[in-house]
Amino acid sequence: MSSVLYDTPGPRAKRRNIIFSVIFVALLALLAWWVWKVMDDEGQLEWSLWKPFTQSEAWSTYLLPGLANTLKAAALSMVIALPLGAFLGISRMSDHRWVRIPAGVVVEFFRAIPVLLLMLFANEFYVRYTGVASDERPLYAVVTGLVLYNASVLAEVVRAGILALPKGQTEAAQAIGLRKGQTMTSILLPQAVTAMLPAIVSQLVVIVKDTALGGVMIGFTELLNSRQTLAAFYGNVIPSFIVVAVVYIILNFILTSFASWLEGRLRRSKRSTGAVLGAEDMEELNPAAVGGSFGTGGEGGGLPGSRTYT
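Counting restarts for each chain, with residues numbered from 1 along the sequence as it is written. Where totals are concerned, whole chains, interfaces and linings use all residues; where local detail is concerned, this predicted model gives features only for residues with pLDDT of at least 70, and gives and counts side-chain atom pairs only at 80 or more. To obtain the side-chain values, all non-hydrogen atoms of the structure were used and water was disregarded.

Student: Could you give an account of the overall build of the protein, naming the residues involved and the relevant values?
Tutor: Looking only at helices and strands, one finds 12 helices and zero strands in the protein. In the protein, the order of α-helices and β-strands from amino to carboxyl end is α-α-α-α-α-α-α-α-α-α-α-α. Exposed residues in this analysis have more than 50% of their type's maximum accessible area, buried residues have under 20%, and partly exposed residues fall in between, with area computed by a 1.4 Å probe over protein chains only. Looking at the protein residue by residue over its 310 residues, the buried ones come to 34%. For this analysis, residues touch if any pair of their heavy atoms sits within 4.5 Å. Of the contacts formed within the protein by residues at least 6 apart in sequence, a portion of 70% connects residues at least 24 apart. Looking at the protein as shown, the accessible area adds up to about 19600 Å², and 65% of this sits on carbon and sulfur atoms. Think of it this way: any DSSP run of H or I at least four residues long counts as a helix, any run of E at least two long counts as a strand, and we number them from the N terminus. The Shrake-Rupley method, run with a 1.4 Å probe, gives the accessible areas here. Residue values count only the displayed protein chains as cover.

What follows is the structure, encoded as structure tokens:
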């Protein structure tokens, strides 16, 4: 089926695509065979190196506690960063310069600093100026760094999602007498959430992976850090890397699959039914406008902003 961005391939193009696909699959199979051969020659496929992953001790002692810390840090970071990012994104669109400019400075500042540097600064801050226990300090530092960086990124996601909506949405809200705050919370944000959802979930995947930076630099016992301890005990460095990589792939696949399901559900639930809003629906949105401007009985009837002359 042809579209604006895609033309249906003809017979020659179809043959060319098939040839390219076969060549790619052959090269991929050749690469996989080469990796397998190298690992076999180096003894990395011996059962003694993979056996620990079939036992519960390796998982309950090392990998599962590390995975729990990874999910804990990622969840805390997202729960804090998402509303903070939404607040900063909306603040950047404010009509007031004293709100818009400071929000822009904060977003651009923390968005420009590497998240690892933010973690290191946060860890040093907690060491020098707070009484946070040493065993909890790495978690605090990782969450702080992830929140500061990802909140600034999510602020731009929120701002872009709102600006992408047609101007007619805002104009229609103004026509029925909604204030700017009501327009944002009742009209714009609910529609923008669906458009922003893939980018938000992509940022969640980034947060999950960035927790590994805290394990490498400040000793946070997340999944990758726990893998290091496991590999030192069992002597299976390469197999442990492969198993942990598979765990990350499965975890991120679950997140993206859930996001796809949630996005489809939101889109289906927000499809217009073609129903006409009644007086009660209008009153829920803006009681003042309904009672004054849109009331059918008594004074004040007529369109918003209209005057009655005698």
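Student: Tell me about the packing of helix H7 (residues 167-175) against helix H8 (residues 180-217), and please be specific about residues and values.
Tutor: Here the axes come from fitting lines to C-alpha atoms, over the contacting stretch only for helices, and the angles between their N-to-C directions go from 0 to 180 degrees. Relative orientation of the contacting elements H7 and H8 amounts to 155°, with a least axis distance of 10 Å. In terms of orientation, H7 and H8 fall into the roughly antiparallel class. For H7 against H8, the interelement crossing comes out right-handed. Residues Gln 169, Thr 170 and Ala 173 of H7 pack against Thr 183, Ile 187, Leu 188 and Gln 191 of H8. Per-class residue counts for the contact of H7 with H8 are three nonpolar, four polar and no charged. With respect to orientation, any angle under 35 degrees is reported as roughly parallel, any angle over 145 as roughly antiparallel, any angle of 65 to 115 as roughly perpendicular, and every other angle as oblique. Throughout, a crossing is termed right-handed when the near helix is turned clockwise from the far one, and left-handed when it is turned anticlockwise from it by less than a right angle. Under the grouping applied here, Gly and all other residues not named as nonpolar or charged are polar, the nonpolar ones being Ala, Val, Leu, Ile, Met, Phe, Trp, Tyr, Cys and Pro and the charged ones Asp, Glu, Lys and Arg.

Student: Let's hear about the packing of aromatic side chains: which residues, and what values?
Tutor: In this scheme Phe, Tyr and Trp rings, the latter by its six-membered ring, pair at centre separations within 6.5 Å, and the angle between planes marks the pair as stacked below 30 degrees, edge-to-face above 60, and tilted otherwise. Enumeration over the complete set of coordinates arrives at nine aromatic pairs. Consider the rings of Tyr 126 and Tyr 140, whose centres lie 5.9 Å apart with planes at 85°: the pair is edge-to-face. In this pair, Tyr 126 sits in helix H5 (residues 115-129) while Tyr 140 sits in helix H6 (residues 137-163), placing the two residues 14 residues apart along the sequence. Judged by its relative accessible area of 14%, Tyr 126 falls in the buried class. Look at Tyr 140 and you get partly exposed, because its relative accessible area is 38%.

Student: Please provide a residue-by-residue account of the confidence of the model for the protein, values included.
Tutor: Chain-level pLDDT for the protein is 82 on average; 85% of the residues reach the 70-or-more range. Mean pLDDT across the elements of the protein bottoms out in helix H12 (residues 287-293) (50) and peaks in H5 (93). Scored below 50 in pLDDT, residues 272-277 makes one contact in the model with residues more than four places away or belonging to other chains. pLDDT is a residue-level measure of predictor confidence that goes from 0 to 100. For residues 292-310, every residue scores under 50 in pLDDT, and the model assigns this stretch 21 contacts once sequence neighbours within four places are set aside.

Student: Quick one: what's the story with helix H9 (residues 223-234), residue by residue and with numbers?
Tutor: What sets the pattern is the α-helix's 3.6 residues per turn: residues three or four places apart point alike. Taking 1.5 Å per residue, 12 residues should reach 16 Å; H9 reaches 16 Å between its end C-alpha atoms and fits that length. Those residues of H9 lying buried are Leu 223, Asn 225, Ser 226, Arg 227, Leu 230 and Ala 231. Turning to H9, the residues buried within the fold contact helix H3 (56-91), H8 and helix H10 (237-269). Near the N-terminus of H9, the side chain that reaches the backbone nitrogen of Leu 224, with its oxygen 2.8 Å away, is that of Glu 222. Of the residues one or two after H9, Gly 235 is the one with positive phi, at around 70°. The span you would expect from a helix comes to 1.5 Å times its residue count less one. Counting of polar contacts relies on pairs of N or O atoms within 3.5 Å, with two restrictions inside protein: one atom must be capable of donating a hydrogen and the other of accepting it, and residues adjacent in sequence are counted only when both atoms are side-chain atoms.

Student: Describe the nonpolar core, and please don't skip the residues or the numbers.
Tutor: Here, nonpolar core refers to any group of buried Ala, Val, Leu, Ile, Met, Phe, Trp, Tyr and Cys residues whose side-chain atoms link them within 4.5 Å. Membership of the largest hydrophobic core comes to 49 residues, with the highest contact counts inside it found for Leu 63, Val 142 and Leu 223. Of all the secondary-structure elements, those providing two or more residues to this core are H3, H5, H6, H8, H9 and H10. Among residues more than four places away in sequence, those in contact with Leu 223 are Leu 63, Gly 66, Leu 67, Thr 70, Val 244, Val 247 and Tyr 248.

Student: Summarise the pattern of salt bridges; cite the residues concerned and give the values.
Tutor: For salt bridges, the criterion is a side-chain nitrogen of Lys or Arg within 4 Å of an Asp or Glu carboxyl oxygen. The full count for this structure, using the stated rule, is six salt bridges. A salt bridge links Arg 128 to Glu 124, with the shortest nitrogen-to-oxygen separation between them at 2.7 Å. Here Arg 128 and its partner Glu 124 are both found in helix H5, four residues apart, which amounts to about one turn of the helix. Accessibility expressed as a relative area gives 58% for Arg 128, which makes it exposed. On the accessibility criterion, Glu 124 (36% relative accessible area) is partly exposed. In this structure, the salt-bridge partner of Arg 159 is Glu 156, at a minimum N-O distance of 3.0 Å. Linking Arg 159 with Glu 156, this pair stays in helix H6, spanning three residues, or about one helical turn. For Arg 159, a relative accessible area of 24% puts it in the partly exposed group. A relative accessible area of 17% places Glu 156 in the buried class. Shared partners join several salt bridges into a network, and the residues in it are Arg 92, Glu 108, Arg 111, Glu 156 and Arg 159.

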